[in-house]
Amino acid sequence: MGMLDALLEGLGRESFEDFTRRWERGAPWDALRDEETIANYDRVADEIGPAEFQEAALASVERLSPEERRRFVSELQRSARRADVNYPGVHDEGLEEPQALAALLSRMHGERRGMIRQLLAANESTPATSGLLSSPVAGAVLAGVAVMAVRQFTNRSSRKR
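First things first, this report covers the structure right here in the doc. Given the structure is predicted, the values throughout are model-derived calculations rather than measurements.

Quick look at the overall build of the protein now. In terms of helices and strands, the protein carries eight helices and zero strands. Walking the protein from its N terminus toward its C terminus, one meets helices and strands in the order α-α-α-α-α-α-α-α. The burial tally for the protein puts 47% of its 161 residues in the buried class. Counting only contacts in the protein whose residues sit at least 6 apart along the sequence, the fraction spanning at least 24 positions is 71%. Approximately 8,400 Å² of the protein is accessible, and the part contributed by carbon and sulfur atoms is 47%.

Next up on the list: the packing of aromatic side chains. Considering all chains together, one arrives at two aromatic pairs under this definition. When the centroid spacing of 5.8 Å and the interplanar angle of 35° are considered together, the rings of Phe 16 and Phe 19 count as tilted. Of the two residues, Phe 16 and Phe 19 both sit in helix H2 (residues 13-24), three residues apart, roughly one turn of that helix. Overall, the relative accessible area of 3% leaves Phe 16 in the buried class. Directly above the ring of Trp 23 sits Arg 63, whose terminal nitrogen or CZ lies 3.9 Å from the centroid.

Let us look at the pattern of salt bridges. Under the criterion given, the structure shown has six salt bridges. Of the charged contacts in the structure, one is a salt bridge between Glu 36 and Arg 22, with a shortest N-O distance of 2.7 Å. Here Arg 22 lies in helix H2 and Glu 36 lies in helix H3 (residues 34-45), a separation of 14 residues in the sequence. In this structure, the salt-bridge partner of Arg 33 is Glu 36, at a minimum N-O distance of 3.6 Å. A relative accessible area of 11% places Glu 36 in the buried class. Residues joined in a network through salt bridges with shared partners are Asp 18, Arg 22, Arg 33 and Glu 36.

This part takes up the environment of Val 147. You can see Val 147 is positioned in helix H8 (residues 136-160). With 103 residues separating them in the primary sequence, Val 147 and Val 44 have C-alpha atoms 8.6 Å apart. Look past the residues within four positions of Val 147 in its chain and what remains in contact with it is Phe 16, Phe 19, Thr 20 and Trp 23.

What counts and what doesn't
- Residues numbered from 1 in each chain as written.
- Predicted model: local features only at pLDDT ≥ 70, side-chain atom pairs only at ≥ 80, totals over all residues.
- Heavy atoms only, no water.
- Helix = DSSP H or I, 4+ residues; strand = E, 2+ residues; numbered from the N terminus.
- Buried < 20%, exposed > 50% of the residue type's maximum accessible area, 1.4 Å probe, protein only.
- Contact = heavy atoms within 4.5 Å.
- Areas by Shrake-Rupley, 256 points an atom, 1.4 Å probe, with all protein chains shown as cover.
- Phe/Tyr/Trp six-rings, centres within 6.5 Å; stacked < 30°, edge-to-face > 60°.
- Lys NZ or Arg CZ within 6 Å of the ring centre and 35° of its normal.
- Salt bridge = Lys/Arg side-chain N within 4 Å of Asp/Glu carboxyl O.

The quantities given are spatial measurements derived from coordinates; they are silent on function.
Here it is, written out as structure tokens:
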């Protein structure tokens, strides 16, 4: 069994394919539950390194509109201030650019696994959310990382054959 097979087996191949289809429709967060987004993100993020993470994060954030990216960056920065996390680069200007945002997320992933999800978790000061994640756009980014990482791995595997 290859790495992809093992990964998809752990996620549930049919369940992950359904998750992927729902993420691809319209706005990427329309039909995703926070629980499944977190479970898929955690499982995939644990299996990929910073380079793969950056590639998947870039593909994920590029799907967002510029306004959605601005909202995501603002939310990430607000959460970092609230949690007193002074991670290098998190408060920099220009993070709305997909390359800069993907690079930051990749560094965070590579140096402190779990930090991204921790910063995007809902809390008592998160407005208008009853889910586990701070916002739908946060869920869209995490779901996108999982989907795009598996897609990239699948594409690489098929090219090697």
